[in-house]
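Understanding the architecture of this molecule
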Amino acid sequence: MFDWLKNINKEHPEFWKEYMSKFENKSDRFVVISTETSGLSPTRDVILSLGSFAIVNNAIMINDSFEAVILQYKYLHDNGLSNEFIVESKMKKLAEAEAIQLLIDYIGNGVLVGHHVNFDVEMINAALERQECGKLKNEALDIDVMYRKLNDINDKQFSLNELCEIYKIPKSDRNSSSEDAYKIALLFLKLKSRLNIQ
């Protein structure tokens, strides 16, 4: 009957309280995020890997990046998906709770940037909910929306590959969330200058 009371008085993890306290000041840091997921449903699917780069003063900060492969054995087994990517990856594998906590520490109060970024945010929010945290507070910018606004296009969405072709960003054989995050960062810088975003 009084379930809402439990939520009001719920004790959040320490990393979440620290994250929430960062929004007293506005950030000058953009944080590009890209997720690789098991599917397109925030309620049924999970994040398999994350890639992220920071942009400060119109420069991609290669040394300010985040990358994680998330162990999802139970999910993959239950849904008959291959975990070849996870097994073959040379990167350190993290449990979802640890990876999300490190991601939250990394993004801080930065402005999130992504390709169809609302989906990435929904997937991260679903993982946060499993840790009994709230939802991300960060502002978010979407490069597809930015491109369509720049060109006054309302009836079509553009894939990351299409945007890369338009702006002559080379394709890569290696497909990973970090590679995608880097491409998104390059596209964002091009679009940001054309749209006069500070």
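The notes below deal with the structure included here. This structure is a prediction, so every number in the text was calculated from the model and none was measured. (Residues numbered from 1 in each chain as written. Predicted model: local features only at pLDDT ≥ 70, side-chain atom pairs only at ≥ 80, totals over all residues. Heavy atoms only, no water.)

On to the packing of helix α2 (residues 14-21) against helix α5 (residues 96-107), then. The description of two helices packed together rests on the angle between their axes and the distance between the axes. Closest axis-to-axis distance for the α2/α5 pair is 10 Å, and the angle between their directions is 20°. Classified by the angle their axes make, α2 and α5 are roughly parallel. Once α2 is placed against α5, the crossing between them reads as left-handed. Contact residues: Phe15, Trp16 and Tyr19 in α2; Gln101, Ile104 and Asp105 in α5. A per-class count over the contact of α2 with α5 returns four nonpolar, one polar and one charged. (Axes fitted to C-alpha atoms, helices over the stretch in contact; angles between N-to-C directions. Helix = DSSP H or I, 4+ residues; strand = E, 2+ residues; numbered from the N terminus. Parallel < 35°, antiparallel > 145°, perpendicular 65-115°, else oblique. Left-handed = near helix turned anticlockwise from the far one by under 90°. Contact = heavy atoms within 4.5 Å. Nonpolar A, V, L, I, M, F, W, Y, C, P; charged D, E, K, R; others polar.)

Turning to its location among the elements, Leu186 is positioned in helix α9 (residues 177-195). Note: C-alpha distance between Leu186 and Cys164 (22 residues apart in sequence) is 9.0 Å. Residue contacts for Leu186: discarding those within four places in its chain leaves Ile60 and Ile169.

Another aspect to go through is the sheet that holds strand β2 (residues 47-56). Spatial ordering of the open sheet is given by β4-β3-β2-β1-β5-β6, a layout of six strands whose pairing is mixed. With one partner strand each, in any of the chains shown, β4 (93-94) and β6 (140-142) form the two edges of the open sheet. Sheet topology note: the strand β1 (residues 29-37)/β2 ladder contains nine bridges and is antiparallel. Among the inter-strand pairings, Val32 is bridged to a residue of β2, identified as Phe53. This element, α5, spans β1, β2, β3 (59-70), β4 and β5 (111-114) of the sheet and lies at about 165° to β3. Sheet strands touched by α9: β1, β2, β3, β5 and β6. Its angle to β2, the strand with the most contacts, is close to 35°. (Pairing = 2+ DSSP bridges.)

Another aspect to go through is the pairing of β2. For β2, a buried count of nine out of 10 residues is recorded, marking the element as mostly surrounded by other parts of the structure. Two successive antiparallel strands, β2 and β3, enclose a turn made up of two residues, where Asn57 displays a positive phi of approximately 50°. (Buried < 20%, exposed > 50% of the residue type's maximum accessible area, 1.4 Å probe, protein only.)

All right, on to the side chain of Ser52 then. Mapped onto the fold, Ser52 is located in strand β2. A residue is classified by how much of its surface remains accessible, and Ser52, at 2% relative accessible area, is buried. A polar contact is formed between the side chain of Ser52 and the backbone oxygen of Val32, at a distance of 2.6 Å. Apart from the residues lying within four places of it in its own chain, the contact partners of Ser52 are Val31, Val32, Ile33, Ser65, Phe66, Tyr106 and Ala181. (Polar contact = N/O pair within 3.5 Å; in protein donor to acceptor, adjacent residues only side chain to side chain.)

Turning next to the nonpolar core. Buried together is how nonpolar side chains tend to be arranged in soluble globular proteins. With 27 residues, the main nonpolar core has Ile104, Ile107, Ile124, Leu128 and Leu136 as its most contacted residues. At the level of elements, α2, β1, β2, β3, α5 and α6 (117-130) are the ones that each hand at least two residues to this core. Excluding residues within four positions of it along the chain, Ile107 makes contact with Arg29, Val31, Ile33, Leu112, Leu136 and Asn138. In this structure, Ile153, Ala181, Phe188 and Leu191 belong to the second largest nonpolar core, which totals 23 residues. (Core = buried A, V, L, I, M, F, W, Y, C linked by side-chain atoms within 4.5 Å.)

Bringing the packing of α5 against α6 into the picture now. Direction vectors running N to C along α5 and α6 enclose 120°, while the axes themselves pass 10 Å from each other. Classified by the interaxial angle, the pair formed by α5 and α6 is oblique. The handedness of the crossing between α5 and α6 comes out as left-handed. For the pair α5 and α6, contact is made by Glu96, Ile100, Leu103 and Ile104 and by Ile124, Ala127, Leu128 and Arg130, respectively. Residues of the contact of α5 with α6, tallied by class, amount to six nonpolar, no polar and two charged.

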